[in-house]
Amino acid sequence: MSKIDKKDKISRPRGTRDILPDEMEKRRRYELIMREIAENYGYREIQTPVFENLELFTIKSGEDIIEEIYNFKDKHGRELALRPELTAPVLRAFVNECSVMPKPLRFYYIANCFRYERPQKGRYREFWQFGVELIGSGSHLADAEVILLAYNILRELKLDFELKIGHVGLLRHLLREIEEEKASKIMRLIDKKDEKGLKELVREPSIPAELEKNIYELIEAEGSRDVVDDVSKIIPDYDFSQINNLCDVLDALGVEYSLDFGIARGLDYYTGVVFEVYAKSGLGAQNQLCGGGSYRLAHLFGGQDIPSTGFALGFDRIAEICKISPEKRDTVVVINLGYEAETLKIAETIRNEINKRVITDVMGRNLKKQMSFANDVGADYVVIVGEREIKQNRFVVKDMRTGEQKLLSVEEIVSLLK
Ligand code: HAM
C-alpha cells in the first residue's frame with residue numbers, strides 16, 4: 001500500500017469509550033442486580049428516545065444549560081438534543097402517554113446520557129445512568145422508598161459509600177425574596193461548592209446581611225439528626241415535618257445517612273428532599289455515585305402539577321469500583337478436523353441440552369492451532385471430533401484444568417458437562 005493510500009486510524013470522539021466484552025460482562029451483572037432490586041419494589045422499565053426536543057431541557061433550566069448539552073438541528077431545522085439525563089424525558093413520556101394511569105407510577109431505566117463536559121476520570125461525555133422515577137406522590141414515604149432503593153442497590157453491590165440527605169426547599173424558602181435568576185445562580189454556586197463565586201454574589205447590596213448570614217449557616221449545617229434543631233432556629237417559619245418524618249422512617253429501617261443542608265443539586269427542578277451518595281474510595285474527584293430527590297416537572301410539559309421523586313446512579317462510576325465478578329460460564333471448544341456436519345451437530349447438542357458456551361473453528365486450522373486457541377479463550381473442556389472418534393462414536397474430552405482425558409459418547413459428554 002502506498003503512503004497516500006494508508007489511512008490514519010479513526011479514533012473515538014472525546015469523552016466516549018469502547019466497552020469491551022470483559023467489562024461488558026461485569027456491567028451486565030451489575031445491571032441485573034439493579035433491575036432485580038428495582039423490580040422487587042414494583043418499578044417497571046421504561047425507555048425513551050436518545051434525542052428529544054431541546055426545549056425539554058431548557059424549559060426549566062434556561063438557555064445556559066445548552067453549553068452542557070449536545071444539541072443540533074436536524075435536516076428540517078428542528079432544534080434537538082441528546083438527552084443529558086432521563087428525568088425530564090420520563091416525565092414528558094408520563095404526560096404524553098400515561099397521565100391517566102393509576103398513580104403512583106414507578107418507572108426505572110438504564111440508559112446512556114450525553115453531556116458536553118470536560119472529560120476526566122469518572123466523567124465522560126457519554127455515560128450510563130440507572131435511575132428510577134416515582135410519579136404522583138409528595139409524601140415522605142415516597143422519598144423514603146427511593147432512598148431505600150438506592151441504598152439497597154449500593155449495599156448489594158458491596159460498595160463503601162456515604163449517603164447525604166438535604167432539603168432544597170429550605171434554601172429556596174430563604175431565597176424566596178430574591179429574583180429567580182439570581183436565586184438559581186446562588187443554588188448552582190452552592191452545588192458546585194464555588195465558595196469564591198458565592199461570596200461575590202451574596203455580598204451584593206441587594207442581598208441583606210442577615211440573609212447572607214443565614215445562607216452560610218444553612219449550607220454549613222451538616223451531621224446527625226440534631227442539625228434539624230439548629231436549622232429550625234435559622235428558619236423558624238418553615239415546616240420541618242417532611243424531613244423529620246423521613247428521618248423517622250429511615251432510622252427505623254436502620255439506614256445509615258447524615259444530613260447536609262448544603263446539598264443544592266445541579267439541576268433546577270428539585271423542590272424538596274434531595275440526596276447524594278459518595279464513594280469513600282477508588283474514584284478521585286468525581287466520586288458522586290448517585291443523585292436524586294423530589295421535584296415538580298409534569299406541569300411544565302403540559303400535564304398536572306404533581307409531585308415526583310427519583311434518583312439516578314452513575315453506572316460507569318459504579319462499574320469502575322465494584323468488585324463483584326461476573327458469573328462464570330463454562331466454555332467448551334469442539335475441535336473441527338474437517339468433519340463439519342459431525343462437529344457442528346455435537347456442538348449444537350451441547351449448546352441446546354446444557355446451555356454451555358460452545359466454540360468451533362471457522363478458520364480451517366490444524367489440531368495444534370485449535371488447541372492453542374482453546375487455551376487462549378480459557379476453555380474448560382475440549383472435545384475432539386476426528387475420524388477415529390466418529391467411527392467408534394466416542395469422542396476425546398479433555399478437561400483443560402486438570403489435563404485429564406476421557407473417551408465418551410455424546411450422551412456421556414452431555415452428562416459430564418452438566
Ligand atoms: P445527576 O446528579 O446530574 O442527576 O446525575 C446522576 C449521577 O450520574 C451522578 O451522581 C453521577 O454518578 C452520574 N454522572 C453525571 N454526570 C456524569 C458524567 N459526565 N460521567 C459519568 N457519570 C456522570 C440526574 O441526572 C437526575 N436526573 C437524577 C434524578 C432522577 N433526580 C430525580 N430523578
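Quick caveat, the model's predicted, so the values are computed rather than measured.

When cut into domains, the protein gives domain 1 (21-321) and domain 2 (331-417). With centres defined by C-alpha atoms, the gap from domain 1 to domain 2 works out at 52 Å.

This paragraph deals with the site of the ligand. Surrounding the ligand, one finds 27 residues, the nearest of these being Glu85, Thr87, Glu117, Tyr270 and Gln288. With respect to the ligand, the side chain of Tyr270 contributes an N or O atom lying 2.6 Å from a nitrogen atom. Within the backbone of Gly314, one N or O atom sits 3.4 Å away from an oxygen atom of the ligand. For the ligand, the accessible surface in isolation is 660 Å², of which the surrounding protein chains cover 95%. Those elements that provide at least two residues to the shell around the ligand are strand 6 (126-135), strand 11 (288-295) and strand 12 (308-314). For the shell around the ligand, the element with the highest residue contribution is strand 11, accounting for seven residues. Grouping the amino acids of the shell around the ligand by side-chain chemistry returns 11 nonpolar, nine polar and seven charged.

With that out of the way, let us pick up the pairing of strand 14 (residues 357-360). Alternating residues of strand 14 divide into Val358 and Thr360, all buried, and Arg357 and Ile359, none buried. Sheet topology note: the strand 13 (residues 331-336)/strand 14 ladder contains four bridges and is parallel. Within strand 14, the residue paired with Val332 across the bridge is Val358. Between the parallel elements strand 13 and strand 14, the chain passes through helix 12 (residues 340-354) in a crossover that is right-handed.

For the rest of this paragraph, the subject is the nonpolar core. Membership of the largest hydrophobic core comes to 109 residues, with the highest contact counts inside it found for Leu157, Ile165, Phe261 and Leu289. Core analysis: the next-biggest nonpolar cluster, separate from the first, contains 17 residues, Ile354, Val383, Val397 and Leu417 among them.

The rules behind each value
Residues numbered from 1 in each chain as written. Predicted model: local features only at pLDDT ≥ 70, side-chain atom pairs only at ≥ 80, totals over all residues. Heavy atoms only, no water. Domains from an automatic or database assignment. Near = heavy atom within 4 Å. Polar contact = N/O pair within 3.5 Å; in protein donor to acceptor, adjacent residues only side chain to side chain. Areas by Shrake-Rupley, 256 points an atom, 1.4 Å probe, with all protein chains shown as cover. Helix = DSSP H or I, 4+ residues; strand = E, 2+ residues; numbered from the N terminus. Nonpolar A, V, L, I, M, F, W, Y, C, P; charged D, E, K, R; others polar. Buried < 20%, exposed > 50% of the residue type's maximum accessible area, 1.4 Å probe, protein only. Pairing = 2+ DSSP bridges. Right-handed = clockwise from strand over helix to strand, strands pointing away. Core = buried A, V, L, I, M, F, W, Y, C linked by side-chain atoms within 4.5 Å.

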